[in-house]
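# A look at the structure
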Amino acid sequence: MVIVSGYYGYHNSGDEAVLAALCQDLEQLGVKRKEITVLSADPHQTVNSHGVNALHRYNLPAIIRMMQRNHLLISGGGSLLQDSTSWRTIPYYLGIIHLALLKGMRVVVYSQGIGPVQRRFYQHWIVKVLNRTHGITVRDQQSEGCLRAWGLKQPVHTTVDPVFNMDLEVVNQIEGIALNIRPYQGWEKDVQGWITLVKEWVENLQLPVTFIPLGPGDVQIGKQLTNAVPQMRLLVGKDWLESARLVAQHSICVSMRLHGLIFAAIGNSIPIGLAYDPKISAIGSQMQIHIYPTSPRSELTMEIKRIRQNQQAYRQRLAERIILLRAKSCINRQVIASVLSCSLGGK
């Protein structure tokens with residue numbers, strides 16, 4: 001019944017959490033998991049983790065056959081339509097949408113973060129394809145602004161990331177810091193500064209620090225830091241849910257990855273963001289949390305001290321924001337419901 005296209009099967013905790021949230025949305029709309037087929041880089045892992053069907057994302061003949069038997073394509077969520085990681089990303093995801101439209105499927109663009117897109121040709125192409133889709137939700141105002149600036153005419157629903165609507169039960173939260181740093185340009189220049197900063201947190205603030213990888217390349221960074229700071233732990237979750245719980249088991253989370261911040265927030269940990277990408281600034285505005293540049297700096301230590309002195313006030317403000325964000329996240333499901341009902345009704 002439903003085909004899902006996204007950055008799935010790459011062992012990225014954030015994207016796997018988005019898929020879990022999407023499957024939860026579909027189940028609440030009456031779609032069984034065996035009626036969901038996910039295009040994945042690792043179909044076996046996707047089937048085992050989410051209880052859905054899966055095809056390899058580059059098995060084009062099988063994808064085309066599947067499109068002939070399904071009603072709806074959901075493209076998303078996550079940062080699919082951007083050209084900062086590779087020039088191939090946008091052609092792949094737009095190509096899948098175009099194929100689905102050719103096969104008469106309805107298409108929902110689900111909670112996507114749009115951009116950055118540097119190539120003007122891609123901007124025009126995105127608008128041309130998305131103007132033919134049947135429902136669009138984006139996860140922040142900046143994404144809607146990009147689409148409007150490029151000339152999109154279709155209605156756009158600005159929501160938030162669907163993971164805000166997930167429940168995360170945490171037992172025995174400790175007074176400590178969960179740290180996540182992803183590969184970024186300038187890491188080798190900054191590594192010594194990060195080592196110094198982590199030592200300060202461990203030795204001067206007397207806080208345990210745990211490095212928690214959430215995506216490709218994070219483990220290598222964690223190993224560099226733990227080799228230099230033996231008091232620091234490196235914990236690798238077996239799946240997205242265990243990784244999310246590891247983050248939320250610490251009273252404070254310093255994360256460069258967007259979903260590290262969300263995992264902390266929904267688990268009642270206080271997040272501090274590191275802005276390697278505009279989407280981190282966007283999520284910071286939504287949650288009304290502090291965001292800092294990627295390079296290590298003393299301001300992070302000062303922020304941690306402020307949080308420790310005023311934890312109750314920080315938690316209260318964050319809890320109030322999460323209630324609002326959870327409610328806004330439900331719009332993603334409502335748009336799917338509307339398109340799905342039209343699809344099943346043959347309209």
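These remarks concern the structure in this document. (Residues numbered from 1 in each chain as written. Predicted model: local features only at pLDDT ≥ 70, side-chain atom pairs only at ≥ 80, totals over all residues. Heavy atoms only, no water.)

### A look at the overall build of the protein chain
The helix and strand inventory of the protein chain stands at 13 helices and 13 strands. Taken over the C-alpha trace, the protein chain has a radius of gyration of 20 Å; the compact-globule value for 347 residues is 20 Å, and the two agree within 12%. Once the C-alpha set of the protein chain is aligned to its principal axes, its extents read approximately 65 × 40 × 35 Å. Here the protein chain holds 347 residues, and the buried ones make up 56% of them. Considering only contacts within the protein chain whose residues lie at least 6 apart along the sequence, 69% involve residues at least 24 apart. Summed over its atoms, the accessible surface of the protein chain is roughly 14700 Å², and 51% of this surface lies on carbon and sulfur atoms. Put simply, the protein chain has 36 plus and 24 minus side-chain charges, and the middle of one group is 8 Å from the middle of the other. (Helix = DSSP H or I, 4+ residues; strand = E, 2+ residues; numbered from the N terminus. Rg over C-alpha atoms; globule rule 2.2 N^0.38 Å. Buried < 20%, exposed > 50% of the residue type's maximum accessible area, 1.4 Å probe, protein only. Contact = heavy atoms within 4.5 Å. Areas by Shrake-Rupley, 256 points an atom, 1.4 Å probe, with all protein chains shown as cover. Lys, Arg positive; Asp, Glu negative; His and termini not counted. Charge placed at Lys NZ, Arg CZ, Asp CG, Glu CD.)

### Observations regarding the nonpolar core
The biggest cluster of nonpolar side chains holds 51 residues, and the ones touching the most others in it are F164 and M287. Top contributing element to this core by residue count: helix α1 (residues 13-28), with eight residues. In this view, M287 contacts F164, L261, I262, A265, P271, L318, R321, I322 and L325; residues no more than four positions away in its chain are not counted. Core analysis: the second largest hydrophobic core is formed by 35 residues, I3, L81, M105 and V107 among them. (Core = buried A, V, L, I, M, F, W, Y, C linked by side-chain atoms within 4.5 Å.)

### A few points about the layout of surface pockets
Computed from the structure, the largest pocket encloses a volume of approximately 930 Å³. Taken together, 34 residues line the largest pocket, and the ones lying closest to its centre are Y7, S79, Q82, T85 and R182. The set of elements that each furnish at least two residues to the lining of the largest pocket consists of α1, α4 (89-102) and α10 (258-266). Here the lining of the largest pocket takes four residues from α4, the largest share from any one element. Looking at the lining of the largest pocket residue by residue, the class counts come to 14 nonpolar, 12 polar and eight charged. (1 Å grid on protein atoms, 1.4 Å probe; cavity = no way out; pocket = protein on both sides within 12 Å on 5 of 7 lines; lining within 4 Å. Points joined across faces, edges and corners; volume = space filled by probe spheres on them. Nonpolar A, V, L, I, M, F, W, Y, C, P; charged D, E, K, R; others polar.)

### Here we look at empty space enclosed by the protein
Evaluated as defined, the whole model comprises one cavity of 30 Å³ or more. In this structure, the largest cavity encloses a volume near 40 Å³. For the largest cavity, the full set of lining residues is R139, D140, D161, L258, K279, A282, I283 and Q286. Per element, the largest residue contribution to the lining of the largest cavity is four residues, and it comes from helix α11 (residues 278-287).

### What to know about the pairing of strand β2 (residues 36-40)
Counting buried residues in β2 gives five out of five residues, a clear majority hidden from the surface. Read as a crossover between parallel neighbours, the route from strand β1 (residues 2-8) over α1 to β2 is right-handed. Here four bridges tie β2 to strand β3 (residues 53-56), and the two strands are oriented parallel to one another. Following the sheet pairing, L39 is matched in β3 by L55. In the classification by handedness, the crossover that spans β2, the intervening helix α2 (residues 43-50) and the parallel β3 is right-handed. (Right-handed = clockwise from strand over helix to strand, strands pointing away. Pairing = 2+ DSSP bridges.)

### Re the packing of aromatic side chains
Summed over the entire model, instances satisfying the criterion amount to eight aromatic pairs. A centroid spacing of 5.3 Å and a plane angle of 70° characterise the contact between Y58 and Y92, whose relative ring orientation is edge-to-face. With Y58 in the loop between β3 and α3 (60-67) and Y92 in helix α4, this residue pair connects regions lying 34 residues apart in the sequence. Arranged with centres 4.9 Å apart and planes meeting at 80°, the rings of Y92 and Y93 form a pair that is edge-to-face. We note that Y92, like Y93, is buried. (Phe/Tyr/Trp six-rings, centres within 6.5 Å; stacked < 30°, edge-to-face > 60°.)

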